[in-house]
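# Coordinates in review
Listed below, chain by chain, are the residues.
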Amino acid sequence: PLVPMTAFLPRAKAEGFAVGQFNMNNLEFTQAIIEAAEEEKSPLIFGASEGAIKYMGGPDVVVALAKVFADRSSVPVALHLDHGSSFDMVMKCIRAGFTSVMIDGSHLPLDENIALTKKVVEAAHAVGVSVEAELGKIGGTEDDLSVDEEDAMLADPDEAIRFWEETRVDALALAVGTAHGLYKGEPNIRFHIIEKVAQNIEAPIVLHGGSGVPDEQIRKAIRLGVGKINVNTENQVACTETVRKILAEKPSLYDPRKYLGPAREAMKEVVKQKMRLFGSSGKA
Ligand code: G3H
Ligand code: ZN
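Cut-offs used in this document
- Residues numbered from 1 in each chain as written.
- Chains lettered and ligands numbered in written order.
- Predicted model: local features only at pLDDT ≥ 70, side-chain atom pairs only at ≥ 80, totals over all residues.
- Helix = DSSP H or I, 4+ residues; strand = E, 2+ residues; numbered from the N terminus.
- Buried ≥ 20, exposed ≤ 12 C-beta atoms within 10 Å, placed from the backbone.
- Contact = placed C-beta atoms within 7 Å.
- Pairing = 2+ DSSP bridges.
- UniProt positions renumbered as here; feature names shortened; annotations may be inferred.
- Arc of directions from axis to C-beta.
- Axes fitted to C-alpha atoms, helices over the stretch in contact; angles between N-to-C directions.
- Parallel < 35°, antiparallel > 145°, perpendicular 65-115°, else oblique.
- Left-handed = near helix turned anticlockwise from the far one by under 90°.
- Nonpolar A, V, L, I, M, F, W, Y, C, P; charged D, E, K, R; others polar.
- Near = placed C-beta within 6 Å.
- Expected span 1.5 Å × (residues − 1).

Per an unreviewed UniProt entry, the protein carries the name Putative fructose-bisphosphate aldolase and comes from Calditerricola satsumensis.

### Section: the overall build of the protein
Each helix and strand in the protein was counted, giving 11 helices and 11 strands. If one aligns the C-alpha atoms of the protein with their principal axes, the spans along those axes are about 60 × 40 × 35 Å. Counting all 284 residues of the protein, 50% fall into the buried class. For the protein, restricting intrachain contacts to residue pairs at least 6 apart in sequence, the fraction spanning at least 24 positions comes to 70%.

### Structural notes on the sheet that holds strand β9 (residues 179–180)
Taken in spatial order, the 3 strands line up as β7-β6-β9 in an open sheet, and their pairing is mixed. Strand pairing shows two members of the sheet lacking a second neighbour, β7 (145–147) and β9, which therefore form its edges. Note: strand β6 (residues 139–142) against β7, 3 bridges, orientation antiparallel. Of the residues in β7, the one forming a bridge with G140 is V147.

### Points about the UniProt feature "binding site: dihydroxyacetone phosphate" (unreviewed entry) in the protein
If you check UniProt for "binding site: dihydroxyacetone phosphate" (unreviewed entry), the listed places come out as G181, G209, G210, S211, N230, V231, N232 and T233 in our numbering. A stretch of 53 residues holds the annotated residues, and the largest C-alpha distance among them is 11.2 Å, short enough that they meet in one place. Among the structural elements, G181 can be located in the loop between β9 and α8 (191–200). Assessed through the 15 C-beta atoms surrounding it within 10 Å, G181 is described here as partly exposed.

### Focus: helix α9 (residues 215–224)
Those residues of α9 that sit buried are I218, A221 and I222. One face of α9 carries all of its buried residues, which in axial projection span an arc of 100°. For α9, the secondary structure elements touched by its buried residues are α8, β10 (205–207), β11 (226–231) and α11 (256–278). Looking one or two places after α9, you find G225, whose phi comes out positive at around 130°.

### Remarks on unusual backbone geometry
Although it is not a glycine, K41 adopts a positive phi angle of roughly 55°. Mapped onto the elements of the fold, K41 is located in the loop between α2 (27–40) and β2 (44–49).

### Considering the packing of helix α5 (residues 87–96) against helix α6 (residues 110–126)
The contact between α5 and α6 brings their axes to 10 Å, and the two run at 15°. The orientation of α5 relative to α6 falls into the category roughly parallel. For the crossing formed where α5 meets α6, the hand is right-handed. In contact with F87, V90, M91 and I94 of α5, α6 contributes L116, K119, V120, A123 and A124. Across the contact of α5 with α6, the residue classes break down as 8 nonpolar, no polar and 1 charged.

### Quick word on the site of ligand 1
Lining the immediate surroundings of ligand 1 are 14 residues, of which H208, S211, N230, N232 and T233 lie closest. Elements supplying a minimum of two residues to the shell around ligand 1: β3 (77–84) and β11. Along the lines of polarity and charge, the residues of the shell around ligand 1 split into 1 nonpolar, 11 polar and 2 charged.

### Some remarks on α11
For α11, which comprises 23 residues, the first-to-last C-alpha distance of 32 Å matches the rise-based estimate of 33 Å (1.5 Å per residue) to within 8%. Of all the positions in α11, only Y259, A263, R264, M267, K268, V270, V271, K274, M275 and F278 are classed as buried. Taken together, the buried residues of α11 touch β1 (19–23), α2, α9, β11 and α10 (233–249). Looking one or two residues beyond α11, the residue adopting positive phi is G279, at roughly 80°.

### Examining the environment of Y254
Counting through the fold element by element, Y254 comes out in the loop between α10 and α11. The exposure class of Y254 is exposed, given the 8 C-beta atoms found within 10 Å. With 36 residues separating them along the chain, Y254 and I218 place their C-alpha atoms 40 Å apart.

### Topic: the UniProt feature "active site" (unreviewed entry) in the protein
Residues annotated in UniProt with the feature "active site" (unreviewed entry) correspond here to D82. Within the element layout of this structure, D82 appears in strand β3. Classification of D82 as buried rests on a count of 27 C-beta atoms within 10 Å. For D82, the contacting residues outside a window of four places in its chain are N23, G47, A48, S49 and M102.

Next up, the structure:
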């Protein structure tokens, strides 16, 4: 069955590993991600952004798809709303069967972000659903969400500690220098923010924009208290590169399974590598 992230995140922080959130964008992404988790014996977070939920046909479709694979699986799987934009959307997803939600109030003034997050925590925790919130502004583009570099704003450690004490979220996303999408060069991660906040709150810190971050930086972030890492773009790139290559080699091909099948294999390999890097392999 689907479980909330609280089924495995406290252990991740205590034992010094991170659980990956891999975004579902269609059937092949979903299959690739769950097969990787099964083979790696890793806990798993399926992420579904509002854009992906719309694309797939609504929260009920996403729940049905995630649930059928989770029910068959031997590893714990959470279904998490990624970057939820409103209380309304959060409630729709919880009613449909999501076991975890993110409320992204990072664009709001601190006190309003706290108030909105508290409201979500109260409603979600009452029905056993875990909650992630965000502080600071993460740069880059994901679906309809776009923050240019000048608007990206690092999280303030003292504000983050206060934010957690007042909201008691189960996972806290902080803007520490990563960005959504592809990097030009290497990200400049401010590890001191991760370290200070992680030492002062119970919940693990979430690293968004996990695609393209060098392995050594990922290991260091986990060592300092990151317990959840989101990855989407690397799977999208693996999928599209595979499809592009196959179609270029065989222009007469028309059966989508002939290029989506290999694309699925390529994504599965990406996810397996990340699970090993995050240290979640064997932790199911
Ligand atoms: O919320 C989703 C992630 O932060 C994905 O970031 O596409 O850069 O891997 P990414
Ligand atoms: Zn994100």
